[in-house]
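Architecture and fold: a report
Listed below, chain by chain, are the residues.
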Amino acid sequence: MKVKRSKGERIFSVFNYILLTVIMLICLYPVWYVGVASVSDGNLLTQHSGLLLKPIGFSLDAYKKVFQNPMIVKGYGNTLFILIVGVFLDIVMTSLGAYFLSRKHVMFKKGIMLMIVFTMFFSGGMIPFYLNLKDLHLTNTRWGLIIPFMIITRNLIIMRTSFESIPESLIEAAQIDGASHITILTKIVLPLSKAILAVMVLYYGVSIWNSWFWASAIIRNRELYPLQIILREILMQNDVTSMSSGASAADAESIAMTIKYATIMVATLPILCVYPFLQKHFTQGTMVGAVKE
């Protein structure tokens, strides 16, 4: 039976929909503006002012020049290597740690958990961290952006809580049948934790894709620069000379503007394309990992 809503509830719902629609448009417009500007004619774009709702003189020259830049291609390759290898190792190490901490009767479990949580609030600082990387010969290498960041404490806690929600009877039945802990983890726990795994892939993937600080601190070889460092150079240092060479001063300025927008889109689209496939697991995985039953 359909419940009849009061007049106040209907007014609130209409107001709520209007407010959320306005917020959505405010958040969506910057992305739309960058996308539209990236395929606009540079000369016409520099003369335009106000809202930009559609391309002005459609042109893909900016994207052609972006992909003709060898540093963009190398940056993509470095970022994809760090992303694929990093997410795989992150999931493996976080799963092992979460499984260990989710088991009952683990000796000194509370003490170990307390020390792990302590690292969320206190650290040795950036300089000692950098010196450790240097002593371990992880500077100026892509592995320096993977190995030290294989486990993020909050992700470990979320995954541990999710593993604890799995019925203990399943684990005990597998142990009676002679299954080892590795077998239990790979054959029972992980298949029942697809939602939280999707969340972890999203968390770690976005973190790796957007990270730039430690890459700028430990990498000196430009051949090893990830995409975000190259994007930062283009946006912060206005370094588009290699992509706008051969043009006059006026044309170079207009081309530089569209190149910046195109570079932003090139660096952003992969995450935007991946997120919808993981979004259906996102809410479920986050709630399971955040609430202990």
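No experiment lies behind these values; they were computed from the predicted model shown.

How each quantity is defined
- Residues numbered from 1 in each chain as written.
- Predicted model: local features only at pLDDT ≥ 70, side-chain atom pairs only at ≥ 80, totals over all residues.
- Heavy atoms only, no water.
- Helix = DSSP H or I, 4+ residues; strand = E, 2+ residues; numbered from the N terminus.
- Buried < 20%, exposed > 50% of the residue type's maximum accessible area, 1.4 Å probe, protein only.
- Contact = heavy atoms within 4.5 Å.
- Areas by Shrake-Rupley, 256 points an atom, 1.4 Å probe, with all protein chains shown as cover.
- pLDDT = per-residue confidence, 0-100.
- Core = buried A, V, L, I, M, F, W, Y, C linked by side-chain atoms within 4.5 Å.
- Polar contact = N/O pair within 3.5 Å; in protein donor to acceptor, adjacent residues only side chain to side chain.
- Expected span 1.5 Å × (residues − 1).
- Arc of directions from axis to C-beta.
- Patch = residues over 30% accessible without salt bridge, like charges linked within 9 Å, V, L, I, M, F, W, Y side chains within 5 Å.
- Salt bridge = Lys/Arg side-chain N within 4 Å of Asp/Glu carboxyl O.
- Lys, Arg positive; Asp, Glu negative; His and termini not counted.
- Charge placed at Lys NZ, Arg CZ, Asp CG, Glu CD.
- Phe/Tyr/Trp six-rings, centres within 6.5 Å; stacked < 30°, edge-to-face > 60°.
- Lys NZ or Arg CZ within 6 Å of the ring centre and 35° of its normal.
- Axes fitted to C-alpha atoms, helices over the stretch in contact; angles between N-to-C directions.
- Parallel < 35°, antiparallel > 145°, perpendicular 65-115°, else oblique.
- Nonpolar A, V, L, I, M, F, W, Y, C, P; charged D, E, K, R; others polar.

1. Here we look at the overall build of the protein chain
For the protein chain, the count of helices and strands is 13 helices and 0 strands. For the protein chain, the N- to C-terminal ordering of α and β elements is α-α-α-α-α-α-α-α-α-α-α-α-α. Per-residue burial over the protein chain gives 36% buried out of 293 residues. Within the protein chain, counting contacts between residues at least 6 apart in sequence, those at least 24 apart form 73% of the total. For the protein chain, the exposed surface amounts to about 18,100 Å²; the carbon and sulfur share of it is 68%.

2. Here we look at the confidence of the model for the protein chain
Per-residue confidence for the protein chain averages 83 on the pLDDT scale, and 87% of its residues sit at or above 70. Averaged over each element, pLDDT in the protein chain is lowest for helix H13 (residues 249-290) (70) and highest for helix H4 (residues 70-102) (91).

3. Some thoughts on the nonpolar core
The tendency in soluble globular proteins is for nonpolar side chains to be buried side by side. Core analysis: the largest hydrophobic core is formed by 62 residues, its most contacted members being Ile 72, Leu 145, Phe 163, Val 189, Met 200 and Ile 218. Looking at this core element by element, the count peaks at 10 residues for H4. Those residues within four positions of Ile 218 in sequence are excluded, and the remaining contacts are Tyr 130, Leu 133, Leu 138, Thr 139, Asn 140, Gly 144 and Leu 145.

4. Describing the side chain of Ser 193
With respect to the helices and strands, the residue Ser 193 is situated in the loop between helix H9 (181-189) and helix H10 (194-210). A distance of 2.7 Å separates a polar atom in the side chain of Ser 193 from the backbone oxygen of Val 189.

5. Quick word on H10
Here H10 is 17 residues long and its end C-alpha atoms lie 24 Å apart, about the 24 Å a rise of 1.5 Å per residue gives. Listed in full, the buried residues belonging to H10 are Ala 195, Ile 196, Leu 197, Ala 198, Val 199, Met 200, Leu 202, Tyr 204, Gly 205, Ile 208 and Trp 209.

6. Observations concerning helix H3 (residues 61-68)
Within the span of H3, buried status applies to Ala 62, Tyr 63 and Val 66. Down the axis of H3, the smallest arc covering the buried residues is 95 degrees, so these residues share one side.

7. Things to note about a positive patch on the surface
A contiguous patch of positive charge on the surface is contributed by Lys 4, Arg 5, Lys 7 and Arg 10. Relative to the assigned elements, Arg 5 resides in the segment before helix H1 (7-38). A relative accessible area of 43% places Arg 5 in the partly exposed class.

8. Points about the packing of aromatic side chains
Tallied over the entire structure, the rule returns 9 aromatic pairs. Aromatic pair Trp 212 and Phe 213: ring centres 6.0 Å apart, planes at 80 degrees, arrangement edge-to-face. Residues Phe 213 and Trp 214 carry aromatic rings whose centres are separated by 5.4 Å and whose planes lie at 80 degrees to one another, so their mutual orientation is edge-to-face. Over the ring of Phe 81 we find Arg 142; its NZ or CZ atom is 4.2 Å from the centre of that ring.

9. Looking at the pattern of salt bridges
What the rule picks out here adds up to 4 salt bridges. Lys 74 is the partner of Glu 223 in a salt bridge, and the nearest nitrogen-oxygen pair spans 2.6 Å. With Glu 223 in the loop between helix H11 (213-218) and helix H12 (227-236) and Lys 74 in helix H4, this pair connects stretches of sequence that are 149 residues apart. Judged by relative accessible area, Lys 74 falls into the partly exposed class, the value being 33%. A salt bridge links Arg 103 to Glu 168; the nearest nitrogen and oxygen atoms lie 3.3 Å apart. Of the two residues, Arg 103 sits in the loop between H4 and helix H5 (109-121) while Glu 168 sits in helix H8 (residues 168-176), which places them 65 residues apart along the sequence. Classification of Arg 103 as buried rests on a relative accessible area of 8%.

10. Some points on unusual backbone geometry
The phi angle at His 137 is positive, at roughly 60 degrees, despite the residue not being glycine. Structurally, His 137 is set in the loop between helix H6 (126-135) and helix H7 (153-164). Of note, the phi angle at Asn 140 is positive, near 60 degrees, even though the residue is not glycine. Mapped onto the elements, Asn 140 comes out in the loop between H6 and H7. With a relative accessible area of 35%, Asn 140 lands in the partly exposed category.

11. With respect to the packing of H4 against H5
Relative to each other, H4 and H5 sit at 140 degrees, their axes nearing to 10 Å. Between H4 and H5, the interaxial angle falls into the category oblique. Judged by residue contacts, Phe 100, Leu 101 and Ser 102 of H4 engage Lys 109, Ile 112, Met 113 and Ile 116 from H5. Broken down by class, the residue content of the contact of H4 with H5 amounts to 5 nonpolar, 1 polar and 1 charged.

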